[in-house]
Amino acid sequence: MKLLEMRPHWSVLIREEQYRTIDRGETEPFDIAIPLPAKDRRNPEGTSWGVDLFWERFRCTGCGRCCYTPGAGLYLEKEDTDRICQHLGWSRKRLLGLCRYDRIAKVWALKQPCPFYDSEKKGCTIYPARPLTCTRYPLHPALKEMPYHLAVDAFCPAAREFVKETLGWWIICEANWARILKGMEEGMEEE
Ligand code: SF4
Ligand code: SF4
């Protein structure tokens, strides 16, 4: 039996089709797993080399979409509110006046578009004190289906470009899988 016919190599799919799927992130909210480890399971404390490599390669265009587009979950941890208030010399009450309370996540979130985004200068006015969620964007919690891989928000154009670049990295794994199948197939034919 031809094993490779049972499981055709996915890279035979038209690359443009894959790109079209990725580009749906422009309008549809979804996350995409990328071929970098969310954590190193051999190290109980977890190393960050996957994340480090991501930031080394990721090229933010500075488009500001993540700051001014409604819908992004700009959650504020307690340490975020403390840091921002200290940075601005504001009371907590004043900062929370720019937030809404998310009853499901039980957390405060900045209203959208973010009140700290300067649309003329196209930048963040509290950049050194910005929330942790902003420092991590477009990285997202790993997908349930692929818990050991980093995931990115497809809404971010630079993330989409990154995903296109890393399609080749998946192919390396798949190519090895195809080689193993081929080897098995040849072994079976010899019998
Ligand atoms: S949406 Fe992505 S590319 Fe645009 S500013 Fe945010 S992180 Fe950078
Ligand atoms: S706090 Fe700054 S980085 Fe975060 S969404 Fe607002 S403007 Fe963007």
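Please refer to the structure higher up on the page.
A short tour of the structure in this document, coming up. (Residues numbered from 1 in each chain as written. Chains lettered and ligands numbered in written order. Predicted model: local features only at pLDDT ≥ 70, side-chain atom pairs only at ≥ 80, totals over all residues.)

**Observations regarding the sheet that holds strand 4 (residues 107-110)**
Move 1: Here three strands make up an open sheet; going across it, the order is 2-4-3 and the pairing antiparallel. Across the chains shown, the open sheet's two edge strands, defined by having one partner strand only, are strand 2 (75-76) and strand 3 (99-102).
Move 2: The sheet contact formed by strand 2 and strand 4 spans two bridges and is antiparallel. Paired with Leu76 across the bridge in strand 4 is Trp108. (Pairing = 2+ DSSP bridges. Helix = DSSP H or I, 4+ residues; strand = E, 2+ residues; numbered from the N terminus.)

**Things to note about the site of ligand 2**
Move 1: Ligand 2 sits among Cys67, Leu74, Cys114, Phe116, Tyr117, Cys124, Ile126, Arg130, Pro131 and Cys134.
Move 2: Tallied by class, residues from the shell around ligand 2 come to nine nonpolar, no polar and one charged. (Near = placed C-beta within 6 Å. Nonpolar A, V, L, I, M, F, W, Y, C, P; charged D, E, K, R; others polar.)

**Concerning the site of ligand 1**
Move 1: In the neighbourhood of ligand 1, the contacting residues comprise Cys60, Thr61, Gly62, Cys63, Gly64, Arg65, Cys66, Tyr137, Pro138, Cys156, Pro157 and Ala158.
Move 2: Every element with two or more residues in the shell around ligand 1 is listed here: helix 4 (65-68) and helix 8 (157-190).
Move 3: A breakdown of the residues in the shell around ligand 1 according to their chemical character gives eight nonpolar, three polar and one charged.

**Some details on unusual backbone geometry**
Move 1: The omega torsion across Gln112 and Pro113 is -5°, close enough to zero to call that bond cis.
Move 2: Here Pro113 shows up in the loop between strand 4 and strand 5 (117-118).
Move 3: Here the amide bond leading from Tyr137 into Pro138 is cis, since omega sits at 10°, within 30 degrees of zero.
Move 4: By the element assignment, Pro138 lies in the loop between helix 7 (132-136) and strand 7 (139-140).
Move 5: The backbone phi angle of Lys106 is positive, close to 55°, even though this residue is not glycine.
Move 6: Considering the arrangement of structural elements, one finds Lys106 in the loop between strand 3 and strand 4.
Move 7: Classification of Lys106 as exposed rests on a count of 7 C-beta atoms within 10 Å.
Move 8: Although it is not a glycine, Lys122 adopts a positive phi angle of roughly 50°. (Buried ≥ 20, exposed ≤ 12 C-beta atoms within 10 Å, placed from the backbone.)

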